[in-house]
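Close look at the chain arrangement
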Amino acid sequence: MADRVAPLDLIDVDALHSEEELQVRDVVRRLVADKVRPYVADWYERGEVPVRELAKDLGKTGLLGMHLTGYGCAGASAVAYGLACLELEAADSGLRSLVSVQGSLAMYAIWRYGSEEQKQQWLPAMAAGDAIGCFGLTEPDHGSDPASMTTRARRDGDDWILTGVKMWITNAPVADVAVVWARTDDGINGFVVPMDTPGVTANTIKHKLSLRASMTGELVLDGVRLPADALLPAARGLKAPLSCLTEARYGIVWGALGAARDCLHTAIDYATSRVQFGRPIAGFQLTQAKLADAALELQKGYLLALHLGRRAELGLLRPEQVSVGKLNNVREALAIARQCRTILGANGISAEYPVMRHAANLETVLTYEGTSEIHQLVVGQQLTGLAAFAS
Amino acid sequence: MKIVVLVKQVPDSGAERNLRSDDNTVDRGSANNVINEMDEYAIEEALSIQEKHGGEVVVLTMGPSGATESIRKALSMGPDSAVHVADDALHGSCAVATSKVLAAAIGQLDADLIICGAESTDGRVQVMPHMIAERLGIAALTGARKLTVDGSTLTIERQTEEGYEVVTASTPAVVSVWDTINEPRYPSFKGIMAAKKKPLETKSLADLGVDASEVGFDGATSTVVEHSKRPPRQAGNKVADSGDGGVQLVQYLSSEKFV
Ligand SMILES: Cc1cc2nc3c(=O)[nH]c(=O)nc-3n(C[C@H](O)[C@H](O)[C@H](O)COP(=O)(O)OP(=O)(O)OC[C@H]3O[C@@H](n4cnc5c(N)ncnc54)[C@H](O)[C@@H]3O)c2cc1C
Ligand SMILES: Cc1cc2nc3c(=O)[nH]c(=O)nc-3n(C[C@H](O)[C@H](O)[C@H](O)COP(=O)(O)OP(=O)(O)OC[C@H]3O[C@@H](n4cnc5c(N)ncnc54)[C@H](O)[C@@H]3O)c2cc1C
């Protein structure tokens, strides 16, 4: 049999990267192989992750807030950050979510909109993985439409009193600090809320059938009293949290490809060794058509991600361009995962193989950080000039 | 304390490796070239000594120009600078010549401690630490699974087949390490980015005052004259159990030194 070529080597995408980018990728690949892959299926099954331990390892390498500068952050390029997300999500979307929420949502919000004191207090500890952050935007009754959020912050002397409920908050059950978005008389504002403040409760959301290797919680804010300096001074209006989401979404554009790659590698390995009707199932034309189509989508997605990354490095990446990437790459990754699952037959539904886990995870990834429908509307608005979000 | 770590670039032992058919040297062109695995442990040991006792860590490599890639990777783990001995005349060097070159380079660095792997995965001759120490007239503490530094006193636990020996020496000295000694760190992203800017000095044989005739094929004291692929694996032995199957299995395992 002739040598096999890895799906992403078909068009030699490595040639598009610098030595440094490939080195970052190799380090993350190694870290994940040592510290995550051997255990993640078990974490997933139990619905528990040793977040604190993992965060320390991730922090040591520089993965937390890696694309930010100063305050103990690595200051890596957008493409290096993307490659890291890809390798993390090749292990599990939950792991990538941990890193996205920490670095691109919680840390980025403080880094971009925080006061110097807030930055000094939180960023170095968060970069090291000693402090875990979460980001509370979504509410039980307000998901795609965060502008209508009901969590309120009112003034009491110099203090702020926060009341409301945030839902589906990644890392909330293990967090030390939450960046919470709430309505004030000025519109939408952000607050840095230490999780040990009286009145803050995080309840773990159980019975998830997706993203089980990630902690998700409900964040209850019951008359939480915060000092004046808890406010993120530079964050004005909904634009601020949305800009954080653009950061995290950019990581998903790459991350989803990791999950897809892992599915495709697994399917190819399986199909070349599984024999039915006297030959490896990879030798059947229908199987090859599935594999070829999946490899094509994977590479197209990769080129798209890389293009967006290079735009980001020039400071030219626009939010709607990230929507194009998130919509396409997550949708295609999910399609690849489902197709690969069929190739594994009954084994495809077993936790012995990562494919079903990736497919289930990608259902979350399709929904969070803007649902696929919302991104269709974003792209649609660009094409037509008409906003179709509300009647 | 100034620590020099010897780092060799070798073909990845986990992938396909070959010797060249024209001159019987390692085929580096077709190989995935990486840091000799044992040398990562040497780097880690040097860095953890530096963390405790301060000082400076310098990477020293002899190898073709492509070895810079491995040197940068070594630097991304944390050492301060590197010296790369590269010279076309070095191609085909034997262990004796290699030790001459490395010793000359170390001589220019004024090191208190030289740490290297116990063996490389390509040549595997396991003699470099001894030869270098001999040339420099300093102690060789070889095959360490543990190293303690107390002022100028070095103490190692030398790993042996039966257990370990405790050996001490004073600096300067050469210490070679096994992979039982520590757990090498991952390069950090900051380290990767900083590595590009760290000083990397390239030296020729002339810079070291070594004559080209003493190294390479010309100066080789031994030459690989022929090589062939290992024959394909034979079918295994079947043990038929007629009451003594267990005994036969144990005999086999002990004859192969598995137990
Ligand atoms: C595991 C997990 C982790 C999460 N982590 C976080 C987190 O850390 N922080 C955080 O703030 N949030 C988090 N979320 C929440 C996530 O961002 C929201 O679930 C998402 O924004 C969608 O909101 P919703 O679930 O309320 O759905 P809804 O907004 O109710 O949407 C339901 C359906 O209606 C569609 N829809 C809505 N509006 C329109 C429209 N105008 N036109 C067409 N279709 C429409 C949607 O596309 C979707 O298909 C997480 C979610 C999950 C599942
Ligand atoms: C298949 C093969 C067979 C060989 N047979 C012989 C032979 O029979 N006789 C002979 O004299 N030579 C032989 N050589 C050459 C010899 O391996 C090289 O000269 C080599 O550079 C030194 O030996 P080593 O790597 O095996 O040293 P080892 O003593 O096994 O290596 C120990 C440590 O020394 C350090 N080190 C070794 N080389 C370098 C370097 N170039 N730069 C920096 N640090 C280094 C590393 O830290 C390494 O972990 C052979 C090489 C090959 C590939």
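Residues numbered from 1 in each chain as written. Chains lettered and ligands numbered in written order. Predicted model: local features only at pLDDT ≥ 70, side-chain atom pairs only at ≥ 80, totals over all residues. Heavy atoms only, no water.

- In the nomenclature of an unreviewed UniProt entry, chain B is known as Electron transfer flavoprotein subunit beta of Planosporangium mesophilum.
- Quoted verbatim from the Function (unreviewed entry) heading of the UniProt record, the comment on chain B is "The electron transfer flavoprotein serves as a specific electron acceptor for other dehydrogenases. It transfers the electrons to the main respiratory chain via ETF-ubiquinone oxidoreductase (ETF dehydrogenase)."
- Here is the UniProt Sequence similarities (unreviewed entry) comment for chain B, exactly as written: "Belongs to the ETF beta-subunit/FixA family." (UniProt positions renumbered as here; feature names shortened; annotations may be inferred.)

- Under an unreviewed UniProt entry, chain A has the name Glutaryl-CoA dehydrogenase and belongs to Planosporangium mesophilum.
- UniProt annotates chain A under Cofactor (unreviewed entry) with the comment "FAD".

**With respect to the overall build of chain B**
- Check the secondary structure of chain B and you find 8 helices and 11 strands.
- Over its C-alpha atoms, taken along the principal directions, chain B stretches across nearly 70 × 45 × 40 Å.
- The buried share of chain B, reckoned over its 259 residues, is 43%.
- Carbon and sulfur atoms make up 48% of the accessible area of chain B, which amounts to about 13600 Å² in all.
- Both charge centroids of chain B, one from 25 positive and one from 37 negative side chains, sit 4 Å from each other. (Helix = DSSP H or I, 4+ residues; strand = E, 2+ residues; numbered from the N terminus. Buried < 20%, exposed > 50% of the residue type's maximum accessible area, 1.4 Å probe, protein only. Areas by Shrake-Rupley, 256 points an atom, 1.4 Å probe, with all protein chains shown as cover. Lys, Arg positive; Asp, Glu negative; His and termini not counted. Charge placed at Lys NZ, Arg CZ, Asp CG, Glu CD.)

**So, the environment of Leu147 of chain B**
Residues and elements named next belong to chain B.
- With respect to the helices and strands, Leu147 occurs in strand β7 (residues 139-150).
- Each C-alpha atom, one on Leu147 and one on Met38, is 15 Å from the other, the two residues being 109 residues apart in sequence.
- Contacts of Leu147, omitting those with residues within four sequence positions, involve Glu45, Ile49, Ile115, Leu154, Thr155, Ile156, Val175 and Ile181. (Contact = heavy atoms within 4.5 Å.)

**Overview of the UniProt feature "domain: Acyl-CoA oxidase/dehydrogenase middle" (unreviewed entry) in chain A**
- Per the UniProt entry, the sites bearing "domain: Acyl-CoA oxidase/dehydrogenase middle" (unreviewed entry) are residues 134-224 of chain A in this numbering.
- In residues 134-224 of chain A, helix accounts for 0% and strand for 55%; the two terminal C-alpha atoms are 17 Å from one another.

**Topic: the site of ligand 2**
Residues and elements named next belong to chain B.
- What surrounds ligand 2 is a group of 26 residues, the closest being Lys8, Asp39, Ala95, Ser120 and Met128.
- Within the backbone of Leu6, a nitrogen or oxygen atom sits 2.9 Å from an oxygen atom of ligand 2.
- Gln126 places a polar main-chain atom, nitrogen or oxygen, 2.9 Å from an oxygen atom of ligand 2.
- Coverage of ligand 2 by the protein chains reaches 83% of its 920 Å² of free accessible surface. (Near = heavy atom within 4 Å. Polar contact = N/O pair within 3.5 Å; in protein donor to acceptor, adjacent residues only side chain to side chain.)

**Overview of the UniProt feature "domain: Electron transfer flavoprotein alpha/beta-subunit N-terminal" (unreviewed entry) in chain B**
- The sites that carry the UniProt feature "domain: Electron transfer flavoprotein alpha/beta-subunit N-terminal" (unreviewed entry) are, in the present numbering, residues 23-212 of chain B.
- Along residues 23-212 of chain B, the helical share is 31% and the strand share 29%, with 18 Å between the first and last C-alpha atoms.

**Some remarks on empty space enclosed by the protein**
Residues and elements named next belong to chain A.
- The full count for this structure, using the stated rule, is 2 cavities of 30 Å³ or more.
- Along its surface, the largest cavity is lined by Val49, Val51, Leu54, Gly94, Leu95, Leu98, Asn171, Ala213, Ser214 and Met215.
- The set of elements that each furnish at least two residues to the lining of the largest cavity consists of α3 (51-61) and α5 (93-113).
- Among the elements that make up the lining of the largest cavity, the one with the highest residue count is α5 (3 residues).
- Split by residue class, the lining of the largest cavity holds 7 nonpolar, 3 polar and no charged.
- Each pocket or cavity is described by its volume, and for the second largest cavity that value is around 30 Å³.
- Lining the second largest cavity, in full, are Leu257, Ala260, Glu297, Leu298, Gly301, Asn328, Asn329, Glu332, Ala333 and Ile336. (1 Å grid on protein atoms, 1.4 Å probe; cavity = no way out; pocket = protein on both sides within 12 Å on 5 of 7 lines; lining within 4 Å. Points joined across faces, edges and corners; volume = space filled by probe spheres on them. Nonpolar A, V, L, I, M, F, W, Y, C, P; charged D, E, K, R; others polar.)

**Quick notes on the interface of chain B and chain A**
- Across the boundary between the two partners, chain B contributes 14 residues, which contact 20 residues of chain A.
- Carbon and sulfur atoms supply 61% of the area buried between chain B and chain A, which totals about 1400 Å² over both sides.
- Per-residue buried area on chain B facing chain A is highest for Tyr186, Phe189 and Ile192 of chain B; these three make up 52% of the total on that side.
- Taken together, chain B and chain A are joined by 2 salt bridges.
- In this structure, Lys196 of chain B engages Glu20 of chain A in a salt bridge whose closest nitrogen and oxygen atoms are separated by 2.6 Å.
- Our count for the chain B to chain A interface comes out at 5 residue pairs in polar contact (both at pLDDT 80 or more).
- For the side of chain B that touches chain A, the secondary-structure elements that each account for two or more residues are α2 (68-76) and α5 (189-195) of chain B. (Buried area = accessible area lost by both parts, 1.4 Å probe. Salt bridge = Lys/Arg side-chain N within 4 Å of Asp/Glu carboxyl O.)

**Let's talk about a nonpolar patch on the surface**
All names here are of chain A.
- Taken together, Val5, Leu10, Ile11, Leu16 and Leu303 make up a surface patch of nonpolar side chains, about 440 Å² in accessible area.
- Its location among the elements puts Leu303 in helix α8 (residues 285-313).
- The exposure class of Leu303 is partly exposed, given its relative accessible area of 37%. (Patch = residues over 30% accessible without salt bridge, like charges linked within 9 Å, V, L, I, M, F, W, Y side chains within 5 Å.)

**Digging into the state of the cysteines**
Residues and elements named next belong to chain A.
- Across all of its chains, the model carries 0 disulfides over all chains by this definition.
- With no disulfide of its own, Cys85 has Cys73 as its nearest cysteine by sulfur position, at a separation of 14 Å.
- Judged by relative accessible area, which is 1%, Cys85 ranks as buried.
- With no disulfide of its own, Cys263 lies 5.5 Å from the sulfur of Cys340, the closest cysteine sulfur. (Disulfide = S-S within 2.5 Å.)

**Section: the pattern of salt bridges**
- Enumeration over the complete set of coordinates arrives at 35 salt bridges over all chains.
- Note that Arg25 of chain A and Asp26 of chain A form a salt bridge whose closest N and O atoms lie 3.9 Å from each other.
- Arg145 of chain B serves as the salt-bridge partner of Glu157 of chain B, at 2.8 Å between the closest nitrogen and oxygen. One end of the pair, Glu157 of chain B, is in strand β8 (residues 153-159); the other, Arg145 of chain B, is in strand β7, and 12 residues separate them in sequence.
- On the basis of relative accessible area, Glu157 of chain B is assigned to the buried category, the value being 16%.
- Overall, the relative accessible area of 29% leaves Arg145 of chain B in the partly exposed class.
- Within this structure, Asp14, Arg25 and Asp26 of chain A form a network of salt bridges that share partners.

**A word on the site of ligand 1**
Residue and element names in this part refer to chain A.
- Taken together, 17 residues sit near ligand 1, with Thr138, Ser144, Trp168, Thr371 and Glu373 positioned nearest.
- Within the side chain of Thr170, one N or O atom sits 2.8 Å away from a nitrogen atom of ligand 1.
- Phe389 has a polar backbone atom sitting 2.8 Å from a nitrogen atom of ligand 1.
- Protein contacts shield 68% of the accessible area of ligand 1, which totals 970 Å² for the unbound molecule.
- Secondary structure elements with two or more residues in the shell around ligand 1: β3 (159-170), α10 (355-367) and α11 (372-384).
- In terms of residues, the shell around ligand 1 owes the most to one element, β3, which gives 3 residues.
- Here the residues of the shell around ligand 1 are counted per class, giving 8 nonpolar, 7 polar and 2 charged.

**Let's talk about the environment of Arg135 of chain B**
Residues and elements named next belong to chain B.
- Position of Arg135 relative to the elements: it lies in helix α4 (residues 128-136).
- Separated by 76 residues in sequence, Arg135 and Asp211 have C-alpha atoms that sit 16 Å apart.
- Not counting the four nearest positions on each side in its chain, Arg135 is found in contact with Val96, Ser99, Lys100 and Ala103.
- There is a polar contact of 3.1 Å between the side chain of Arg135 and the backbone oxygen of Val96.

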